[in-house]
Amino acid sequence: SISLSSDDVLACTVSKSVTKVWNVNNRSCLRSLPLTSSSSGSSSYYGLCSAFLPGNTHVVIGTREGHLLVLDVASGDIVFVEENAHDGAIWSLDLRRPNLEHDEPIAIVTGSADKMVKFWDVERQEDAEEGAHHPMVVHTRSLQMSDDVVAVRYSYSMDPSQRMVFVSSLDCTIKVFFDDSLKFFLSLYGHKLPALALDAADDDTILATAGADKTIKIWGLDFGDTHRTLHGHTDSITDLRFVRKTHY
């Protein structure tokens, strides 16, 4: 997994037992950090997905073991572990852009092989010894799916009543829910194999999905119809992203 800081200055890459932080501009590796448990030291985590938290001082990481980690970029320390956040691999996570007018908390969504989509608020933990205020994640809601969850993504609407959550499952469907109520909105059918990545345009009118069936599909989010299917890759497409504020 690769994630970018909000100011595009840093990139974080996660893999088996190590995460690296990079300077985007000169492509240099600033630090290479072992993903190891501080309690046992010997056991390491297998990172699968990641995202910078607002402020870009911490990265949240989902692991194959089902844990959620919060990493301090400056020190390289794992400052919070939500053990067994899921009962299976956390394949995907996404950060919800907070609407400050509505006093919304920072939140993340995680999707896992345990057929669950879980929602978490990011809160500050008090560290009495150092006076540091590291983030922690607190579970708020869950959504039970009928199959393993491969990818999850928030839409970009700043209106909480219009914001959507996209969930791609192993049954090759993408289901769309409203974030505030978790009410079901649309089911998107068309991929022959699971969609491994998805992203909405900023205006939330179209959704792009990329699948293990080697295709990219563009969907309309008013009726859930397929606008077009793009062929060209000769193997699974594992990620894709809209250029912000465009339909590119």
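Residues numbered from 1 in each chain as written. Predicted model: local features only at pLDDT ≥ 70, side-chain atom pairs only at ≥ 80, totals over all residues. Heavy atoms only, no water.

(A) Structural context of the overall build of the protein. Within the protein one finds 0 helices and 20 strands. Taken against the 2.2 N^0.38 rule, which gives 18 Å for 248 residues, the C-alpha radius of gyration of the protein at 18 Å falls within 12% of a compact globule. Over its C-alpha atoms, taken along the principal directions, the protein stretches across nearly 55 × 40 × 35 Å. The buried share among the 248 residues of the protein stands at 52%. In the protein, of all internal contacts separated by at least 6 residues, the share reaching a separation of at least 24 is 41%. Entry remark: accessible area of the protein is about 12000 Å², with carbon and sulfur atoms responsible for 52%. Separation of charge centres in the protein, based on 22 positive and 34 negative side chains, amounts to 8 Å. (Helix = DSSP H or I, 4+ residues; strand = E, 2+ residues; numbered from the N terminus. Rg over C-alpha atoms; globule rule 2.2 N^0.38 Å. Buried < 20%, exposed > 50% of the residue type's maximum accessible area, 1.4 Å probe, protein only. Contact = heavy atoms within 4.5 Å. Areas by Shrake-Rupley, 256 points an atom, 1.4 Å probe, with all protein chains shown as cover. Lys, Arg positive; Asp, Glu negative; His and termini not counted. Charge placed at Lys NZ, Arg CZ, Asp CG, Glu CD.)

(B) Looking closely at the pattern of salt bridges. Counted according to the given criterion, the structure contains 9 salt bridges. Between D94 and R153 there is a salt bridge whose closest N-O contact spans 3.1 Å. Linking D94 in strand β9 (residues 90-96) with R153 in strand β13 (residues 149-154), this pair joins segments that are 59 residues apart in sequence. D94 gets classed as buried once you look at its relative accessible area, which sits at 11%. When its relative accessible area of 9% is taken as the criterion, R153 is described as buried. As a salt-bridge pair, D199 and R244 come within 3.7 Å of each other at their nearest N and O atoms. Separated by 45 residues along the polypeptide, D199 in strand β17 (residues 195-200) and R244 in the segment after β20 (226-231) bring together distant segments of the chain. The buried category is assigned to D199, whose relative accessible area is 0%. (Salt bridge = Lys/Arg side-chain N within 4 Å of Asp/Glu carboxyl O.)

(C) Region of interest: the pairing of β17. Taking burial as the measure, the 6 residues of β17 include 5 buried ones, the bulk of the element. Pairing of β17 with strand β18 (residues 206-211) involves 5 bridges; the strand directions are antiparallel. Each residue of the ladder has a partner; that of A197, found in β18, is A210. The loop that links β17 with its antiparallel partner β18 comprises 5 residues; one of these, D204, has a positive phi angle of about 60°. (Pairing = 2+ DSSP bridges.)

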